[in-house]
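# Structural description and commentary
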Amino acid sequence: MTHLAARSLAVSLGHKPVLGGIDLAFTPGRLTMVIGPNGAGKTTLLRALAGLVTPEKGAALLDDRPVARMSGPERARAIAYLPQGGAVAWPLSVASVVALGRLPHGEEPDSLPPLGREAVAEAIAAVGLQGFENRPATALSGGERARVLLARALATKAPVLLVDEPIAALDPRHQLRVLEVLRAYAQGGGTVVAITHDLTLAARYADEVVLMDRGAVRAHATPEEVLTRDHMAASFGVEARILNDDGRLVVVTENPLPSAS
Amino acid sequence: MHFLRRPLIPGLSILLAFLAVASLAIGPAPISPALVAKALVSDQGSASIVVREIRLPRTLLALMIGWGFGLTGAALQGLLRNPLADTTVFGAPQAAAFGAVCVLYSGLVGALSWALPVAAIAGALVSIALVVLVAGRNTTIVVLVLTGLAVGSLAGAATSLAVSLSPNPFAVTEIVFWLLGSLEDRSGVHVMLVLPFIAVASALLLAAASPLRALTLGEDTAKSLGVNVQRLRLMIVLAAAIGTGASVAVVGSIGFVGLVSPHLVRPFVGYDPARTLVPSGLAGAALLLAADCAVRLIPTGAEVKIGVLTAMLGVPFFLWVIFRRKAELAETPA
């Protein structure tokens, strides 16, 4: 079990404070979704947890060890990170791109050991891209490419999986499919943290929701406790209705509130 | 394409062996390949002198320097995720030449001193670091090429200034001819002067293979895969400067080999930056060796300068790459 946490985590980019002393703990086996308005610091939080930005104060901790002090390969084996958007610079095959996820294990794409090959095949199957293995990743549609990149992160088989807006470029069917993959990853014992703007899907798939606003955590609890009219108004600046559809929360945003900045 | 991958390195090696023999045989006094072999291992009178003292150093220099250029081009294209990256485009040869000219001009050292490659390396380092710093991250190809153009022009102007202020007309002629790039009249001392630098640059660049692969998915992903991106950048910039600087110090300005070589091997090995490195180095060696044979075969009074030939072939190739990839280059960040 790998416990990921943020302790008094403060990050500035340039001279601009982006995260101000955040305390969070993520539980293995649970899927946590991070929501919040644009510029709330969600991506910076994820990058700090992944050890990609150095905190100004406090620390991101993995089993009580500061992530920033771990060696590159050690950190990479423990934390798989999928950035937002994500480009593929060269027309590598889908299989080669996914195999990059094995680099932290010292496995090179052209000489994968059986375990690595298995992990790659499993990851490709998880995102439903069997048959695409030899296609150049640059020739795929945006949604297909997003799934290839997710498969790359899955192939590392790290105990922690951090994904930044994994469903933003996907059609509804593949959104559900990717969220199923993330849920299965968590149910397999992984600590999964995903950023999303889809509040209804967050309500449906997340075990926990973190609401961020202006560099701080406004709420961290179950979807029912976080996705409330008050939070929608205070953090997103929108008037919203929270419906209960046979036990499932549906968030319907209605009007921007005049006071919202 | 997989069947094409395997024979590439052996194929290029055979081509290199063939070109090396040709390079030892071709010249004002043609020597048959059989005599070349004999002259290398036993005393064959004047043939041995020509082959060992005149043509062997030139052949070895073309092999080493071509290899260095090819490898550097592939690594820089991988680092910047850009098929137009090369030391030539970054103005490094001009900057290295300026460094070397400063040393030559000062008259403090002879053309065979270590100070010459060191000054050239310093010049190349400044230019490459400047381009990578100003344009290397999250920028477009246009900015990259423009920065390289600016740095190269500045170095070229500074060199011209140094040359025009030179009090000695003979030194001017020597510097100008040396600037054009040539492997003519080089000796074993030149080979020994450039060898350690090419060796160090090669070691640094080959060690970058796996990190370059991770960089295909961008800096953040590469970092998350355990790559120290800053160190990688430093390693490649340093290696590119060392290889280019030492080469320019010994043979003058020879450009575009590093730009062309990776493109020549990609149809065979694919786009994986790690897989491109060694074949691109071998292709660079073959290109420079072939160019050096060609300048000896072109029937002109004085030998055509190899730097002139590579530029005349390289620039149209550069334009062709831009033309072919115009659409994607317009929107691809470097």
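Residues numbered from 1 in each chain as written. Chains lettered and ligands numbered in written order. Predicted model: local features only at pLDDT ≥ 70, side-chain atom pairs only at ≥ 80, totals over all residues. Heavy atoms only, no water.

### Points about the overall build of chain B
Across its full length, chain B holds 16 helices and zero strands. Against the compact-globule benchmark of 20 Å for 334 residues, chain B has a radius of gyration of 20 Å, which places it among compact chains. Taking the principal axes of its C-alpha atoms as reference, chain B extends roughly 60 × 55 × 35 Å. When burial is assessed residue by residue, chain B has 55% of its 334 residues classed as buried. Split by element, the accessible area of chain B, about 13,900 Å² in all, is 73% carbon and sulfur. (Helix = DSSP H or I, 4+ residues; strand = E, 2+ residues; numbered from the N terminus. Rg over C-alpha atoms; globule rule 2.2 N^0.38 Å. Buried < 20%, exposed > 50% of the residue type's maximum accessible area, 1.4 Å probe, protein only. Areas by Shrake-Rupley, 256 points an atom, 1.4 Å probe, with all protein chains shown as cover.)

### Things to note about the interface of chain B and chain A
With 21 residues of chain B at the interface, the matching set in chain A holds 25 residues. Interface area, chain B with chain A, both sides summed: about 2,000 Å², of which 62% is carbon and sulfur. Where chain B packs against chain A, one counts four salt bridges. When the shortest N-O distance is used, the salt bridge between R213 of chain B and E108 of chain A registers 2.5 Å. Mapped by element, the contributors of at least two residues to the side of chain B that touches chain A are helix 4 (46–79), helix 10 (209–215), helix 11 (219–224) and helix 14 (273–297) of chain B. Here the residues of the side of chain B that touches chain A sort into six nonpolar, eight polar and seven charged. (Contact = heavy atoms within 4.5 Å. Buried area = accessible area lost by both parts, 1.4 Å probe. Salt bridge = Lys/Arg side-chain N within 4 Å of Asp/Glu carboxyl O. Nonpolar A, V, L, I, M, F, W, Y, C, P; charged D, E, K, R; others polar.)

### As for the pairing of strand 2 (residues 16–26) of chain A
Residues and elements named next belong to chain A. The pairing of strand 1 (residues 4–13) with strand 2 spans seven bridges and is antiparallel. Its bridge partner being in strand 2, A5 is matched across the sheet by A25. Counted between consecutive antiparallel strands, the loop separating strand 1 from strand 2 contains two residues, among which G14 sits at a positive phi close to 65°. (Pairing = 2+ DSSP bridges.)

### As for the pattern of salt bridges
All told, the structure shown has 18 salt bridges over all chains when counted by the stated rule. Here R47 of chain A and D220 of chain B are joined by a salt bridge, their closest N and O atoms 2.7 Å apart. Here the residue R47 of chain A occupies a position in helix 1 (residues 42–49), and D220 of chain B occupies one in helix 11, the pair thus bridging two chains. Like D220 of chain B, R47 of chain A is buried. Residue D110 of chain A is joined to R213 of chain B by a salt bridge in which the shortest nitrogen-to-oxygen separation is 2.9 Å. In this pair, D110 of chain A sits in the loop between helix 3 (94–99) and helix 4 (114–126) while R213 of chain B sits in helix 10, so the two residues belong to two different chains.

### Remarks on helix 13 (residues 257–269) of chain B
All names here are of chain B. With 13 residues, helix 13 ought to run about 18 Å at 1.5 Å a step, and its terminal C-alpha atoms sit 18 Å apart, in line with that. In terms of burial, helix 13 is largely enclosed, as 10 of its 13 residues are buried. All of the buried residues in helix 13 are V257, G258, L259, V260, S261, P262, H263, V265, R266 and V269. Just downstream of helix 13 lies G270, where phi reads positive at about 85°. (Expected span 1.5 Å × (residues − 1).)

### Quick word on the nonpolar core
Counting 155 residues, the largest nonpolar core has V98, L161 and L182 of chain A together with L61, F90, L212 and I236 of chain B as the members making the most contacts within it. A40, L62, A78 and V160 of chain A belong to the second largest nonpolar core, which has 30 residues in total. (Core = buried A, V, L, I, M, F, W, Y, C linked by side-chain atoms within 4.5 Å.)

### Considerations on the sheet that holds strand 5 (residues 65–66) of chain A
Residues and elements named next belong to chain A. Spatial strand order, 2-1-4-5: four strands in an open sheet with antiparallel pairing. The open sheet terminates on both sides in strands that have one partner only, identified here as strand 2 and strand 5. Both strand 4 (residues 57–62) and strand 5 contribute to a ladder of two bridges, which runs antiparallel. In the sheet register, L62 faces strand 5, and the bridge partner there is R65.

### Observations regarding the side chain of R47 of chain A
When its relative accessible area of 17% is taken as the criterion, R47 of chain A is described as buried. Apart from residues lying up to four places away in sequence, R47 of chain A is in contact with L52, V53 and Y81 of chain A together with D220 of chain B.

### Let's talk about the confidence of the model for chain B
When pLDDT is averaged across chain B, the result is 86; 92% of the residues are at 70 or more. Model confidence for the complex: the whole-complex pTM is 0.89, and ipTM, which rates the interface, is 0.92. (pLDDT = per-residue confidence, 0-100.)

### Digging into the packing of helix 13 of chain B against helix 14 of chain B
Residue and element names in this part refer to chain B. Where helix 13 contacts helix 14, the two axes come as close as 8 Å, and the packing angle between them is 125°. Taken together, the axes of helix 13 and helix 14 lie oblique to each other. The two elements helix 13 and helix 14 cross, and the hand of that crossing is right-handed. Contact with helix 13, carried on its side by V257, V260, S261, P262, L264, V265, R266 and V269, involves R275, T276, P279, S280, A283, G284, L287 and L288 of helix 14 and no other residues of that element. Of the residues in the contact of helix 13 with helix 14, the class split is 10 nonpolar, four polar and two charged. (Axes fitted to C-alpha atoms, helices over the stretch in contact; angles between N-to-C directions. Parallel < 35°, antiparallel > 145°, perpendicular 65-115°, else oblique. Left-handed = near helix turned anticlockwise from the far one by under 90°.)

### What to know about the sheet that holds strand 10 (residues 216–221) of chain A
Residues and elements named next belong to chain A. Spatial strand order, 6-7-8-3-9-10: six strands in an open sheet with mixed pairing. Edge strands, defined here as strands with exactly one partner in the open sheet, are strand 6 (79–82) and strand 10. Ignoring strand direction, the axes of neighbouring strands in this sheet form an average angle of 15°. With four bridges joining them, strand 6 and strand 7 (residues 160–164) adopt parallel strand pairing. Opposite A80, over in strand 7, you have L161 as the bridge partner. Packed on one face of the sheet, helix 5 (residues 142–155) meets strand 6 and strand 7 and runs near 170° to strand 6.

### Regarding unusual backbone geometry
Residues and elements named next belong to chain A. For D63, which is not a glycine, the phi torsion comes out positive at approximately 50°. Relative to the elements of secondary structure, D63 occurs in the loop between strand 4 and strand 5. In the Ramachandran plot, D64 falls in the positive-phi region, its phi being about 70° despite a non-glycine side chain. The residue D64 is located in the loop between strand 4 and strand 5 in this model.

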